[in-house]
Amino acid sequence: MPTPAQIDEQIELERDQIRQGLQQLRSNTRRLEEKSYASASVYGISSIETLLPLVVARIEATVHRIKERRNGRSFKEIQVYLSDLEPLAAAAIACKLTFDKVFSCKEGANALVKVCESIGTSIEDECQMRHYEQHAPGLLNVLKENYWHRSIGTQQKIKVISTLMNRYDVKRWTTWGAANRVKLGAWLLDCVMETSGWFFKDMQVQGKRRVNYVRPTPEFLEIKDQVMHDFELFAPLAYPMLIEPNDWTTDGKHGGYLLNEVMRGYDMVRRGKQGSIQGEMPVAFLNKLQKVGYRINPFIADVAETLVERRISVGKFVPILELALPPKPVDIADNKEARKSYRRAAAEVMNINANAFRRSCRTRMTMKAVARFRDRKKFFIPWSFDYRGRAYPIPEYLTVVDTDFGKSLLRFSEEAMMNKQAEEWLAFQVATTYGHDKATMPERLAWTSDNYELISRIALDPIDNLPDWEGAEEPWQFLAACDEFYHCVIERDRNFTGLMVATDATASGIQILSGLARDRSAAVLCNVVPSERPVDAYKVVADVSKPNIPDILHPFWDRKCTKRTVMTIPYNAKPFSNRSYIREALSEKGVKVEKEDLTQTVNAVRDAMNKVVPGPMAVMKWIEAEVSNAINRGDQELHWVTPSGFVVHQKLMKKHVERLQLQLLGSCEMHVATKDTNEVDKSRHKAATAPNLIHSLDSSLLCLATIRFAAPIATIHDSVLCRATDMSCLSSLVRETYMHLFAEHDFLTDFAHQINAESEPPIIGDLEPETVIDSTYFFC
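Here the structure is a predicted model, which is why all the values come from computation and not from measurement.

## Remarks on helix H12 (residues 280-290)
Buried within H12 are the following residues: Pro282, Val283, Phe285, Leu286, Asn287, Leu289 and Gln290. On its buried face, H12 sits against strand E5 (379-380), strand E6 (383-386), strand E7 (391-393), helix H29 (682-708) and strand E15 (713-716).

## Considering the packing of aromatic side chains
For any pair of aromatic rings, the description consists of the separation of the ring centres together with the inter-plane angle of the planes. Going through the model one piece at a time under the given rule, you end up with 27 aromatic pairs. Between the aromatic rings of Phe317 and Phe405, the centroid separation amounts to 4.7 Å while the plane-to-plane angle is 65°, which identifies the pairing as edge-to-face. In this pair, Phe317 is assigned in the loop between helix H13 (298-310) and helix H14 (336-359) and Phe405 in helix H16 (residues 404-408), connecting sequence segments 88 residues apart. Residue classification places Phe317 among the buried positions, given a relative accessible area of 0%. With 5.0 Å between their ring centres and 55° between their planes, Phe317 and Trp476 make a pair best called tilted. Of the two residues, Phe317 is situated in the loop between H13 and H14 and Trp476 in helix H21 (residues 475-490); the sequence distance between them amounts to 159 residues. Trp476 shares its class with Phe317; the two are buried. Among the aromatic residues, those joined into a ring-pair cluster are Tyr43, Phe99, Phe103, Trp198, Phe199 and Phe220. Above the face of the Tyr43 ring, Lys224 is positioned so that its terminal group lies 4.6 Å from the ring centre. For the cation-ring pair, Arg388 lies above Tyr387, with the distance from its terminal atom to the ring centre recorded as 5.7 Å.

## Considering the nonpolar core
Core analysis: the largest hydrophobic core is formed by 164 residues, its most contacted members being Tyr294, Leu426, Trp469, Trp476 and Leu516. Here the element with the most residues in this core is H21; it accounts for 10 residues.

## Quick look at the pairing of E6
Relative to E6, strand E3 (residues 269-270) runs parallel, the two sharing two bridges. When the bridges of E6 are listed, Arg270 appears paired with Asp386. Between the end of E6 and the start of E7, which pair antiparallel, lie four residues, with Gly389 showing a positive phi angle near 105°.

## Describing the packing of helix H5 (residues 87-102) against helix H6 (residues 112-135)
It is at 9 Å that the axes of H5 and H6 come closest, and there the two elements cross at 140°. As judged from the angle between their axes, H5 and H6 are oblique. Between H5 and H6 lies a crossing whose hand is right-handed. Touching Ala89, Ala90, Ile93, Ala94, Leu97, Thr98 and Lys101 of H5 are Val115, Ser118, Ile119, Ser122, Ile123, Glu126 and Arg130, all from H6.

## Things to note about the environment of Met567
Considering the arrangement of structural elements, one finds Met567 in helix H25 (residues 559-568). For Met567, a relative accessible area of 38% translates into the label partly exposed.

## What to know about the confidence of the model for the protein
Scored by pLDDT, the protein has a mean of 88; 93% of the residues are at 70 or more. Confidence over residues 666-670 falls short of pLDDT 50; this stretch has 16 contacts with residues more than four positions distant or in other chains.

## Focus: the sheet that holds strand E10 (residues 501-504)
One open sheet holds the three strands; their spatial order is E10-E16-E15, and the pairing between them is antiparallel. Looking at which strands have only one partner, the edges of the open sheet turn out to be E10 and E15. Each adjacent strand pair in this sheet contributes to an overall mean axis angle of 20°, direction not counted. The pairing of E15 with strand E16 (residues 719-722) spans four bridges and is classified as antiparallel. Looking at the pairing, Ala714 lines up with Leu721 of E16.

## Examining the sheet that holds E5
Strand order in the open sheet formed by four strands is E5-E4-E8-E9, with antiparallel pairing between adjacent strands. Each edge of the sheet is formed by a strand with only one pairing partner; in this case those strands are E5 and strand E9 (496-499). As paired strands, strand E4 (residues 293-296) and strand E8 (residues 410-417) are joined by three bridges and run antiparallel to one another. For Tyr294, the partnering residue across the bridge sits in E8 and is Phe412. Strands E8 and E9 of the sheet are contacted by H21, whose axis makes an angle of about 175° with E9.

## A look at empty space enclosed by the protein
In this structure the tally under the stated criterion is six cavities of 30 Å³ or more. Taken as a whole, the largest cavity spans an internal volume of roughly 80 Å³. Listed by contribution, the elements that provide at least two residues to the lining of the largest cavity are H16 and H21. For the lining of the largest cavity, the class distribution of residues is five nonpolar, three polar and one charged.

## Some details on unusual backbone geometry
Notably, Asp169 is not glycine yet its phi reads approximately 60°, a positive angle. Take Asp169: it is sitting in the loop between helix H8 (154-167) and helix H9 (178-196). The class of Asp169 is exposed, set by a relative accessible area of 71%. For Arg311, which is not glycine, the phi torsion reads 55° and is therefore positive. Within the element layout of this structure, Arg311 appears in the loop between H13 and H14.

## Brief notes about helix H15 (residues 361-373)
For H15, spanning 13 residues, the distance from its first C-alpha to its last is 19 Å, which sits close to the expected 18 Å at 1.5 Å a residue. For H15, the set of buried residues is Thr363, Met365, Thr366, Met367, Ala369, Val370 and Phe373. Tucked inside the fold, the buried residues of H15 contact helix H1 (4-34), E4, H13, E5 and H16.

## Overview of a positive patch on the surface
Taken together, the side chains of Lys159, Arg167, Lys336, Lys340 and Arg344 present a region of like positive charge at the surface. Put simply, the parts of the chain that give the positive patch at least two residues each are H8 and H14. Ranked by the residues each element gives to the positive patch, the list is headed by H14, at three residues. Counting through the fold element by element, Lys159 comes out in helix H8.

Definitions and limits used
- Residues numbered from 1 in each chain as written.
- Predicted model: local features only at pLDDT ≥ 70, side-chain atom pairs only at ≥ 80, totals over all residues.
- Heavy atoms only, no water.
- Buried < 20%, exposed > 50% of the residue type's maximum accessible area, 1.4 Å probe, protein only.
- Helix = DSSP H or I, 4+ residues; strand = E, 2+ residues; numbered from the N terminus.
- Contact = heavy atoms within 4.5 Å.
- Phe/Tyr/Trp six-rings, centres within 6.5 Å; stacked < 30°, edge-to-face > 60°.
- Lys NZ or Arg CZ within 6 Å of the ring centre and 35° of its normal.
- Core = buried A, V, L, I, M, F, W, Y, C linked by side-chain atoms within 4.5 Å.
- Pairing = 2+ DSSP bridges.
- Axes fitted to C-alpha atoms, helices over the stretch in contact; angles between N-to-C directions.
- Parallel < 35°, antiparallel > 145°, perpendicular 65-115°, else oblique.
- Left-handed = near helix turned anticlockwise from the far one by under 90°.
- pLDDT = per-residue confidence, 0-100.
- 1 Å grid on protein atoms, 1.4 Å probe; cavity = no way out; pocket = protein on both sides within 12 Å on 5 of 7 lines; lining within 4 Å.
- Points joined across faces, edges and corners; volume = space filled by probe spheres on them.
- Nonpolar A, V, L, I, M, F, W, Y, C, P; charged D, E, K, R; others polar.
- Expected span 1.5 Å × (residues − 1).
- Patch = residues over 30% accessible without salt bridge, like charges linked within 9 Å, V, L, I, M, F, W, Y side chains within 5 Å.
- Areas by Shrake-Rupley, 256 points an atom, 1.4 Å probe, with all protein chains shown as cover.
- Salt bridge = Lys/Arg side-chain N within 4 Å of Asp/Glu carboxyl O.
- Lys, Arg positive; Asp, Glu negative; His and termini not counted.
- Charge placed at Lys NZ, Arg CZ, Asp CG, Glu CD.

So this is what it looks like as structure tokens:
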């Protein structure tokens, strides 16, 4: 039990997290206003989402009057400029620029003329880019890829593209002129002001001049304050806890953070049905995960701090990289060419720095958390479920669900005495994280045994031997494994181990579906059935599909080409996404595939899946058909209870959504929900049910195994992590749980009854799930 002093310390930490979250929210808002990007603030996004449909309707009504020749004189001059731009695009630009300028901290930015000019200029910029897209689409795409950095501003993008387009003799853009831009902007600003009632024109006398400004109305300021208040409730940073989190309960009592019972910022089931009650088993599983203690791996923290100082990136670990601006030419004031060259070179450096700063965000935040918890002997992670029953840590940093670097930072605080089995599992972790995850167990142990010198070199001097480990499949976890193996096995100056050793399911989607269908042929592919070495489902599908793909692709066709497609088809990935995965895999080999050849290849891979995993594919097809039947009968939602007792509620309603792709304004794609509906989204239900069923069952598998496991444990979707001393026991428990789950229960039939299916599920029945007990590579 925590002492009163420890409880007070935890409450103060949570209050500090709340203060930091509020400070960060307000600081980010202020920074956006200082950069004239208020449209990207939380109040800007929320307000524009509400306002946009109203402005669209106003523009559409005006366009309709223009077509009926009922336009007034003020419309006549702007008609030509609106003709090539859909109302949604014009409204989005007008709303964005209005918020950017009105709430900008720059003096005079909200002057009426400047607001109108900015809107009109942005409208012209968008039309100019569409002009280039119409007359030279291929060239525009190439220029964007090569010259259009995400970090450069809108005007610089326009300048770069227009200069290069003129160089290639593309039909020139005829500028509209400042007066027309202001008129167009003024009319669109009026649309925003009149439809919202959020802004007004305020005339100020400045000396002998009268200047009009655009200001927010008191009514909108109240709305803004309320939006900020609502967001502040969910702004606290989420860190690990210094004491065990509060238990969740079956009667709805909030667990996790101590102040969560008061603030109710985190629910036990994220996006779940309000007031839904969960069974005792899932709640016990969640509470057990929360009682596991962790501490920072000091070896990894030391290496990370050194690489931060030296600004060296390794994998997803990306410190801030800041290149110095080039020196200014001595004749920059008088030499136009020198000035132009300097500006171009400086812009490139600033682009690199801006991109590097953005990429380093997660690393910077993680290192900040490391500094806070490094000296703690033990800390804990609060957990919650998603609506499918999968467990997720609530904190964003210092958790097991993180990047390779983030995972490497954690050790179990409760360490265990080394033994022979622990030596083998540490050797397994070394070889697996290096990249030998497809090798047999003896091959992995042999690789580690043959590389004592490499492991020792890395453990003793990781900085000077950086090239030896940075190229590993999971470099940071490999580094942590080398350190543990060296001290526990080679040098033997460490008698206890707290390293997290991980084993993953082999193609978990197919494992679950093959169990549901009792399909032995599919079970063989995902190592449910014992084998001498791991079966590679991706390679099998590649081999079966190869005769049916274009001959020109045969030399390049291997498991890497099919991997993502095979992984995602059990989660209802469709041919469109299959195309992109296969195209990307071939592109990495330097192969450009034609459209017709790609279509043939995708069909060949999907046909191969039907041949090698017929049961899973039949189950997915049956689920889609029965979900369609359920929605057609009038069901508003689907729900089922998993073997662990978790209740899944799947409610997917339609929204009327318009998608807008703007060329400029950050090349943003805006998904605009113009109105909600009460109509069930049948297509989303059909696509989501099979994946959600799989997720709910792999969660049940880990839940039931974890409840029986009497040592520190963590889970990541379809992966388990424990100490090397305990992995043999945990592996056995996972296999036994799968056997009980699918040998003693016919859950697919249970599921059919729960959704009132109209047909019998397609169960092949030639798999004996008991065989998984002897499968070395089921979780590996």
